[in-house]
There are 2 protein chains.
Amino acid sequence: MHGKIVGFEAFDIRFPTSQQLDGSDAVHADPDYSAAYVVLRTEAGDEGHGFCFTLGRGNEIEVAAIEALGRMVAGLDIGDIVRDSRGFYRLLTQDSQMRWLGPEKGVVHMAAAAVINAVWDMVSKLAGKPLWKYLADLPPQELAAMADFQYLSDALTEDEAVEMLRRAEGGKADRESWLLEHGIPAYATSPGWLGYSDEKLVRLCGEAVDDGYNLIKLKVGGSVADDQRRLALARDAVGPDTRIAIDANQKWDVGEAIDWMAALAHHAPYWIEEPTSPDDVLGHAAIRRAVAPVRVATGEAVQNRVMFKQFLQADAIDIMQIDATRAGGVNENIANLLLAAKFGVPVVPHAGGVGLCEVVQHLAMVDLVAIAGDIGERSIEYVDHLHEHFVDPVRVVDGSYRAPRRPGFSSEIRPGSIEEYRYPTGSAWRRLAGGAVDQA
Amino acid sequence: MHGKIVGFEAFDIRFPTSQQLDGSDAVHADPDYSAAYVVLRTEAGDEGHGFCFTLGRGNEIEVAAIEALGRMVAGLDIGDIVRDSRGFYRLLTQDSQMRWLGPEKGVVHMAAAAVINAVWDMVSKLAGKPLWKYLADLPPQELAAMADFQYLSDALTEDEAVEMLRRAEGGKADRESWLLEHGIPAYATSPGWLGYSDEKLVRLCGEAVDDGYNLIKLKVGGSVADDQRRLALARDAVGPDTRIAIDANQKWDVGEAIDWMAALAHHAPYWIEEPTSPDDVLGHAAIRRAVAPVRVATGEAVQNRVMFKQFLQADAIDIMQIDATRAGGVNENIANLLLAAKFGVPVVPHAGGVGLCEVVQHLAMVDLVAIAGDIGERSIEYVDHLHEHFVDPVRVVDGSYRAPRRPGFSSEIRPGSIEEYRYPTGSAWRRLAGGAVDQA
């Protein structure tokens, strides 16, 4: 595989989702789901598409960061990147001047994810495989070589990772067949946004059960009384057999989380997600000890593998929720998946937003086939928003994500959608600016 | 106090320090010390100056973030900000859309620090006091009210903080007199940059002792043999009574740090700084247990108060090194100082870079006078670079920082320096672009 990357283009794409309170939770009241989007091009005309997800304001800062990193990628050969993708990860995350802005966290790390994800979209398209299959087919040493084990060796060394991947080769073909037949269960977050009325909550809960979901999630953290009422309504709507997880989106202090969960305990939530700051490993560990047997889940705002390592070392989480564009893209998520497998904690990816379902499914699928090697409690978050803007949208059938068949990372946004939702010049935004709230 | 903030201006200021390898360490080989700089203006013409420090590339990303936050500040009244400065901190750090880019970390958090620091420069100028004195004169409840205790209450509540500050009022006047007479000890990092020759190292070590410093710091982590040789040379140069701290700048994995420190143990370094990832609380705790009695220090890359809380809870550090522009400015550093005081860990601020000495001295001084209330092992890093560009440069006399007397936060860069070092249009950069490496 070869091809010199000769240029890139970055786009500020925003969808005016705040108009409907889609995506509203205890902390994020009015998101405009957005993508800082990048297209890499080779001299042969091959393309790779990647993005990081944001909530609207500040998306232009991510675009500025993508432009800084894009300049480092222009001129590289895609074959050289594949042969030393750890080196490529470090090029983008360890630049001796830019690393000060992270290191490996926040705006610059999410921008690195966008560029790295674009590279893997290009690579898997050139290989003629969907990314999950491309990764699952790699020999153990090559898959492990994508991860950066710096700062991980007290929990997981590269040799251990290769050995784990070798063991997972047993049964790999069977798991791939199983995946192609069954897919990976989805769980439904769409019913439970905090800004929705009780009537809408109940209706959407019923629809989720009808659509084959056996796990739904409600946002909590507004008030205890509201949470109790909404949990009771949801339970009535879904019946006794559907699990209900809850998500506080970082709303509480440690003691507050413990007290609040005590007040909700009789509703037996399946997990409590983001009970406190995503930076608070020790806080999550304290909460987990207090709220057991309710599971503790986190990850969508966990900045990198060093934090995930500690959540696992401290026994702070039962469920690890990687995000495809928060940590450093495919490469760092391979490290995250390896860590989770080492500690025996299931990965249930965060999704929703713009295109997060499309891309993160590939990571859950390589996890199932080639890394964890077990379906267990695994599922993938699903939110039914904005899929129509993607060239290869997710297919969720009977409550399960179906494995993508098309080459690439499913990360490509339709050209017409890019034009319509470019901020602030796209036609959708010009219409809003003109006072006509008209979301196509 | 009142005055409506009617506008702001952001500047990308870079100094071509990489030409001389000033500031070179095991991880940052060639920094161009830079400031993403902001000037706030009221309708009456009052100004507040703030900045965050970066290493060069990517400074434009910080400027983009400052512009996004500056738009939130325009229109506010400085009196309202002072009356609810915690609310102002949250306005800048908890915007429901922009917080996704952190939360409270990385590019957006450093930009918030720049804007917040500019506000406190303006406030203390309007009050006619240097910032350290303005803060030290606040009643305990008002000083505590600057800090955001969200996510801290399992370690420190606001009531406890007020009580601590009340206790520290005893002896405050005496400590202020002592500060005005003696200043706060500086320690010298200038001798020990990794890119300097042995000859330069020895010469600068001797000069540091002659200048009255009793603590110097060397960068380590290139190779064990080099570190051993440089430590021996430095010890010969400074004699037996000067303490030598060492700084690995995040170079090592946990096990590697422990092994490397074992190889340097006979040099009895005073502390080991940043032995591993600044995100690795548990790793620092493991290293601290292994290298005792050598102290463990960190903080210049610690993103926020939630991380500092955990470093303290986990007994992971002996020395806490706050940075004035990494965490969320004056407000979050008040929280950090309160946490350190609660846990009895001395704060020895990080400085150097562009203007970090100028601003962080104010925080060390309010810590001494009104928070920790004890000089103990406290000192402030000192690097003799770039002070000539500041309107109110630090005064280090006989190895001690002298308390600033001039109103404000000492954060204002001279207009001529702004023009000369604006990137890429300033005359210094135009000269470099023209091939004439001519640093004034």
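Shown above is the structure to which this text applies.
A brief report on the enclosed structure follows. In this text the structure is predicted, and so the values were computed from the model without any measurement. (Residues numbered from 1 in each chain as written. Chains lettered and ligands numbered in written order. Predicted model: local features only at pLDDT ≥ 70, side-chain atom pairs only at ≥ 80, totals over all residues. Heavy atoms only, no water.)

### Details of the overall build of chain A
Note the cut-off: In DSSP terms, a helix is any run of H or I states spanning at least four residues, a strand is any run of E spanning at least two, and both are numbered starting from the N terminus. With the radius of gyration taken over C-alpha atoms, the globule rule is written as 2.2 Å times the number of residues to the power 0.38. Whether a residue is buried, partly exposed or exposed follows from its accessible area with a 1.4 Å probe, protein chains only, as a fraction of its type maximum: under 20%, in between, or over 50%, in that order. Whether two residues are in contact is decided by their heavy atoms, any of which lying within 4.5 Å being enough. Method for areas: the Shrake-Rupley scheme with a 1.4 Å probe, in which residue coverage is limited to the protein chains shown.
Assigned secondary structure in chain A consists of 17 helices and 12 strands. Here the C-alpha atoms of chain A give a radius of gyration of 21 Å, agreeing with the 22 Å that 2.2 N^0.38 yields for 440 residues. Along the first, second and third principal axes, the C-alpha atoms of chain A reach 60 × 60 × 45 Å. A burial count over chain A gives 65% of its 440 residues as buried. For chain A, the proportion of contacts with a sequence separation of at least 24, taken over those separated by at least 6, is 74%. Summed over its atoms, the accessible surface of chain A is roughly 13800 Å², and 48% of this surface lies on carbon and sulfur atoms.

### Some details on the environment of Ala 351 of chain B
All names here are of chain B. Considering the arrangement of structural elements, one finds Ala 351 in the loop between α14 (329–343) and α15 (356–371). Along the sequence, Ala 351 and Pro 140 sit 211 residues apart, while their C-alpha atoms lie 27 Å from each other. Contact partners of Ala 351, with chain neighbours within four places excluded, come to Leu 356, Cys 357, Val 360, Glu 381, Val 383 and Tyr 401.

### A word on the relation of the copies chain A and chain B
Each of the two copies of the chain can be brought onto the other by a rotation about an axis and a shift along it. The criterion, for reference: Copies overlap after least-squares fitting; the atoms used are the C-alpha atoms of residues with pLDDT of at least 70 in both.
Rotating chain A by 180° about the axis while translating it 0.0 Å along that axis superimposes it on chain B, leaving an RMSD of 0.0 Å. Here the two chains are linked by the operation of a two-fold rotation axis. Of every C-alpha in chain A, the one belonging to Gly 106 of chain A sits nearest the axis of rotation, 2.5 Å from it.

### Points about the sheet that holds strand β3 (residues 47–54) of chain B
Residues and elements named next belong to chain B. Selection criterion: A pair of strands counts as paired when DSSP detects no fewer than two bridges linking them. To define axes, lines are fitted to C-alpha atoms, for helices over the stretch in contact only, and angles between the resulting N-to-C directions are given on a 0 to 180 degree scale.
Reading across from one edge, β1-β2-β3 is the order of the 3 strands in this open sheet, with antiparallel pairing throughout. Each edge of the open sheet carries a strand with a single partner, namely β1 (5–14) and β3. Sheet twist, expressed as the average angle between the axes of neighbouring strands with direction ignored, equals 15°. Each of β1, β2 (34–42) and β3 is contacted by helix α1 (residues 59–73), which is oriented at about 175° to β1, the strand it contacts most. The strands touched by helix α4 (residues 106–127) are β2 and β3; relative to β3, the strand with the most contacts, the crossing angle is about 150°.

### Examining a negative patch on the surface
Note the cut-off: Residues enter patches when they are more than 30% accessible in relative terms and free of salt bridges; like-charged ones are connected within 9 Å and nonpolar ones (Val, Leu, Ile, Met, Phe, Trp, Tyr) within 5 Å. Salt bridges are defined by distance alone: a side-chain nitrogen of Lys or Arg within 4 Å of a carboxyl oxygen of Asp or Glu. His is not counted, nor are the chain ends, whereas Lys and Arg count as positive and Asp and Glu as negative. To locate a charge, the coordinates of NZ of Lys, CZ of Arg, CG of Asp or CD of Glu are taken.
Judged by side-chain charge, Asp 210, Asp 211, Asp 384 and Glu 388 of chain A come together as a negatively charged surface patch. Assignment of secondary structure puts Glu 388 of chain A in the loop between β10 (380–382) and β11 (396–397).

### Considerations on the sheet that holds strand β1 (residues 5–14) of chain A
Each strand in a sheet pairs with its neighbour through backbone hydrogen bonds, running either in the same direction (parallel) or in the opposite one (antiparallel). Residue and element names in this part refer to chain A. The sheet built from 3 strands is open, its strands ordered β1-β2-β3 with antiparallel pairing. A single partner strand is all that each edge strand has here, and the edge strands are β1 and β3 (47–54). Across this sheet, the average inter-strand angle for adjacent strands is 15°, counted without regard to direction. The sheet contact formed by strand β2 (residues 34–42) and β3 spans 8 bridges and is antiparallel. Of the residues in β3, the one forming a bridge with Val 38 is Gly 50.

### Examining unusual backbone geometry
With an omega dihedral of 0°, the bond running from Tyr 423 of chain A to Pro 424 of chain A counts as a cis peptide bond. Mapping Pro 424 of chain A onto the fold places it in the loop between α16 (415–421) and α17 (427–433). Note that the residue after Ala 292 of chain B, namely Pro 293 of chain B, is joined by a cis bond; omega there is 10°. Of note in the backbone geometry, Tyr 151 of chain B takes a positive phi value of approximately 75° without being a glycine. Locating Tyr 151 of chain B in the fold gives a position in the loop between α6 (140–144) and α7 (158–168). Classification of Tyr 151 of chain B as buried rests on a relative accessible area of 3%.

Interpretation note: all reported values are geometric properties and have no functional meaning in isolation.
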